[in-house]
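Chains, contacts and geometry: an overview
Spelled out from the first residue to the last, the chains are:
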Amino acid sequence: MKKLVYIILSIFFFFSIVTISSAENKEWYIEKLLDLSYWIEDYKFQLNDIGYVYFYDSKSQKMYDNFRTAEQMLKDELMKMYRAWDIDYYQMNWIITNYNLFVYHTNKMFSYLSIKEVRPDFKELDSAILKNYELSRSYYTRTKLLILK
């Protein structure tokens, strides 16, 4: 019984200690260690990533590669803004939701464009490409407006 009381008191004492190393830093050690304040949002960003698509046309492949690079840079910049508290929690979650939908529809658009490159006679893809491009643009605009808010 004494061991149980000591364990409970030790756990309580451990979690009640605040890091005193700096006056402006109010996070507990466990929060820093596990990145509890920011990791979930960062993970949600990484769930939807631009998948790899191969294009035979070098111009299309270069555009696609540049888009992948820019997309990752945007994610990193948004997380920097969130960590600096330039974006609040609720705004960040709406940004993530809209941004992930933007990435989803962009993935579909690029995959359809890749198929269209191989089979130019596949006319049904034209409407699918257009629809996903419009949805991608719409969700990007929503994300941009949420960031500027």
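Attention in this report is confined to the structure presented alongside it.

**Observations regarding the packing of helix α4 (residues 58-83) against helix α5 (residues 89-118)**
Where α4 contacts α5, the axes come no closer than 12 Å and their chain directions differ by 170 degrees. Comparing the axis directions of α4 and α5 gives the class roughly antiparallel. Seen from α4, the contacting residues are Met-63, Tyr-64, Phe-67, Glu-71, Leu-74, Lys-75, Leu-78, Met-79 and Tyr-82; seen from α5, they are Tyr-89, Met-92, Ile-95, Tyr-99, Phe-102, Val-103, Thr-106 and Phe-110. When the residues that make up the contact of α4 with α5 are grouped by side-chain class, the tally is 14 nonpolar, one polar and two charged.

**Remarks on the pattern of salt bridges**
Within the structure shown, the criterion is met by two salt bridges. Here Lys-75 and Glu-71 are joined by a salt bridge, their closest N and O atoms 3.2 Å apart. On the criterion of helical spacing, the pair formed by Lys-75 and Glu-71 is a turn pair, its members being four residues apart in helix α4. Take Glu-71: its relative accessible area is 4%, and that puts it in the buried class. Taking the shortest distance from any N to any O, the salt bridge between Asp-126 and Lys-116 comes out at 3.1 Å. Taken together, the positions of Asp-126 in helix α6 (residues 124-148) and Lys-116 in helix α5 put the pair ten residues apart, joining distant regions of the chain. The class of Asp-126 is partly exposed, set by a relative accessible area of 37%.

**Describing the environment of Asp-42**
Along the chain, Asp-42 falls in helix α3 (residues 39-47). A residue is classified by how much of its surface remains accessible, and Asp-42, at 25% relative accessible area, is partly exposed. Each C-alpha atom, one on Asp-42 and one on Lys-75, is 8.6 Å from the other, the two residues being 33 residues apart in sequence.

**A look at the nonpolar core**
Phe-45 and Met-92 are the most contacted members of the largest nonpolar core, which has 22 residues in total. Counting residues per element, the ones that place at least two in this core are α4, α5 and α6. Broken down by element, this core gets its largest block of residues, eight residues, from α5. Discounting chain neighbours no more than four positions away, the residues touching Met-92 are Glu-41, Phe-45, Leu-78, Met-79, Tyr-82 and Ile-87.

Rules used throughout
Residues numbered from 1 in each chain as written. Predicted model: local features only at pLDDT ≥ 70, side-chain atom pairs only at ≥ 80, totals over all residues. Heavy atoms only, no water. Axes fitted to C-alpha atoms, helices over the stretch in contact; angles between N-to-C directions. Helix = DSSP H or I, 4+ residues; strand = E, 2+ residues; numbered from the N terminus. Parallel < 35°, antiparallel > 145°, perpendicular 65-115°, else oblique. Contact = heavy atoms within 4.5 Å. Nonpolar A, V, L, I, M, F, W, Y, C, P; charged D, E, K, R; others polar. Salt bridge = Lys/Arg side-chain N within 4 Å of Asp/Glu carboxyl O. Buried < 20%, exposed > 50% of the residue type's maximum accessible area, 1.4 Å probe, protein only. Core = buried A, V, L, I, M, F, W, Y, C linked by side-chain atoms within 4.5 Å.

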